[in-house]
Amino acid sequence: MATYRIIFNRKKQLDQEGKALVQIEAYQNGKRRYFLTEVYGRPDQWDVKRHVVKHDALANKRIQSKRQELETFELMFPKIHGRQFTLDDFALIADEQKITNEPEPPKSFSKYLREQLRLDQVSIELDTFSFHCKKCDI
């Protein structure tokens, strides 16, 4: 099982506004992997003891949500893939997000109709299916 920590300003660099990134560190078997939370804050806003952003419930909720997403992925991984989880498997999350964020390429009407006819094949009569397939050169 990986260990997760919330880390503020890991690179010890502030941006032009004097803010630094809050990241999540996953540690397992001597390896580390860092994840963006998209939360930035000034050093005086960071609670060192509690590892939270002071007076910003929304930012803290965003951080905890990201951590929960990572932990859930790790826990579900062996059930889905049938093998032990490693930190390298987090790459699958990035691949899933790329797929879901990219728009689907536009389909021609013929391709769309062909897909719909195949999906509806169970619920329509065979003669109707054959008629439409011939009509659309499917």
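Below you will find a few notes about this structure. Only a predicted model underlies this, so the values are computations on that prediction, with no experimental measurement involved.

1. Section: the environment of Leu70
Reasoning step 1: Tracing the backbone shows Leu70 in helix 1 (residues 57-81).
Reasoning step 2: A sequence separation of 68 residues divides Leu70 from Ala2, and the C-alpha atoms of the two residues are 9.8 Å apart.
Reasoning step 3: Once residues within four sequence positions are removed from consideration, Leu70 is found in contact with Tyr4, Ile24, Phe35, Phe90 and Ile93.

2. So, a nonpolar patch on the surface
Reasoning step 1: Among the surface-exposed residues, Met1, Leu75, Met76 and Ile80 lie close enough to one another that they form a single nonpolar patch of about 440 Å² accessible area.
Reasoning step 2: Tracing the backbone through its elements, the reader meets Ile80 in helix 1.
Reasoning step 3: Residue classification places Ile80 among the exposed residues on the basis of a relative accessible area of 60%.

3. Here we look at the packing of aromatic side chains
Where two aromatic rings form a pair, the distance of their centres and the angle of their planes describe that pair.
Reasoning step 1: For the structure shown, the criterion picks out seven aromatic pairs.
Reasoning step 2: Taken together, the ring pairs in this structure connect Phe35, Phe73, Phe77, Phe85 and Phe90 into an aromatic cluster.
Reasoning step 3: The side chain of Arg10 reaches across the aromatic face of Tyr34, ending 3.7 Å from its centre.

4. A few points about helix 1
Given 3.6 residues to a turn, an α-helix orients residues that are three or four positions apart in the same direction.
Reasoning step 1: Along its 25 residues, helix 1 runs 35 Å from first to last C-alpha, staying within 8% of the 36 Å computed at 1.5 Å per residue.
Reasoning step 2: Inspection of helix 1 places Ala59, Asn60, Ile63, Lys66, Leu70, Phe73, Glu74 and Phe77 among the buried residues, and these make up the whole buried set.
Reasoning step 3: Residue Gly82 follows helix 1 closely and has a positive phi angle near 70°.

5. Digging into the side chain of Asp89
Reasoning step 1: Summarising the element assignment, Asp89 is placed in the loop between helix 1 and helix 2 (91-101).
Reasoning step 2: Judged by its relative accessible area of 7%, Asp89 is buried.
Reasoning step 3: Here Arg83 takes part through its side chain, which lies 2.8 Å from a polar atom of the side chain of Asp89.
Reasoning step 4: Sequence-distant contacts of Asp89, defined by excluding residues within four places in its chain, comprise Phe73, Phe77, Arg83 and Gln84.

6. Concerning the side chain of Asp47
Reasoning step 1: Topologically, Asp47 is positioned in strand 4 (residues 46-47).
Reasoning step 2: Within the structure, the side chain of Asp47 is placed 3.1 Å from the backbone nitrogen of Arg50, a separation counted as a polar contact.
Reasoning step 3: Not counting chain neighbours up to four residues away, the residues in contact with Asp47 comprise Val52 and Lys54.

7. Side note on unusual backbone geometry
Reasoning step 1: Its identity as a non-glycine residue notwithstanding, His51 has a phi of 55°, on the positive side.
Reasoning step 2: Looking at where His51 falls in the secondary structure, it is placed in the loop between strand 4 and strand 5 (52-53).
Reasoning step 3: Judged by its relative accessible area of 39%, His51 is partly exposed.
Reasoning step 4: A positive phi angle, close to 60°, is found at His55, a residue other than glycine.
Reasoning step 5: In this structure, His55 sits in the loop between strand 5 and helix 1.

What counts as what
- Counting of residues starts from 1 at the beginning of each chain's written sequence and follows it residue by residue.
- The predicted origin of the model limits local features to residues at a pLDDT of at least 70 and limits the giving and counting of side-chain atom pairs to 80 or more, whereas totals for whole chains, interfaces and linings rest on all residues.
- Working from all heavy atoms in the structure, the side-chain values ignore hydrogens and water.
- A run of H or I in DSSP becomes a helix once it reaches four residues, and a run of E becomes a strand once it reaches two; helices and strands are each numbered from the N terminus.
- Here, two residues are considered to be in contact whenever any of their heavy atoms come within 4.5 Å of each other.
- The residues that make up patches have over 30% relative accessible area and no salt bridge, and they are joined within 9 Å when like-charged or within 5 Å when they are Val, Leu, Ile, Met, Phe, Trp or Tyr.
- The protein chains shown are the only cover counted for residues, whose accessible areas, like all others here, come from Shrake-Rupley with a 1.4 Å probe.
- A pairing counts as a salt bridge when a side-chain nitrogen of Lys or Arg comes within 4 Å of a carboxyl oxygen of Asp or Glu.
- For every residue, the accessible area obtained with a 1.4 Å probe (protein chains only) is divided by the maximum for its type, and the residue is called buried under 20%, exposed over 50%, and partly exposed between those limits.
- For this analysis, a ring pair means two rings from Phe, Tyr or Trp (six-membered ring only for Trp) whose centres lie within 6.5 Å, classed as stacked if their planes differ by under 30 degrees, edge-to-face if by over 60, and tilted for the remaining angles.
- We count a charge as sitting over a ring when the NZ of a lysine or the CZ of an arginine lies within 6 Å of the ring centre and within 35 degrees of the ring normal.
- The span one expects for a helix is its residue count, reduced by one, times 1.5 Å.
- Here a polar contact is taken to be a pair of N or O atoms separated by no more than 3.5 Å, where protein atoms must pair a possible hydrogen donor with a possible acceptor and residues adjacent in sequence count only if both atoms sit in side chains.

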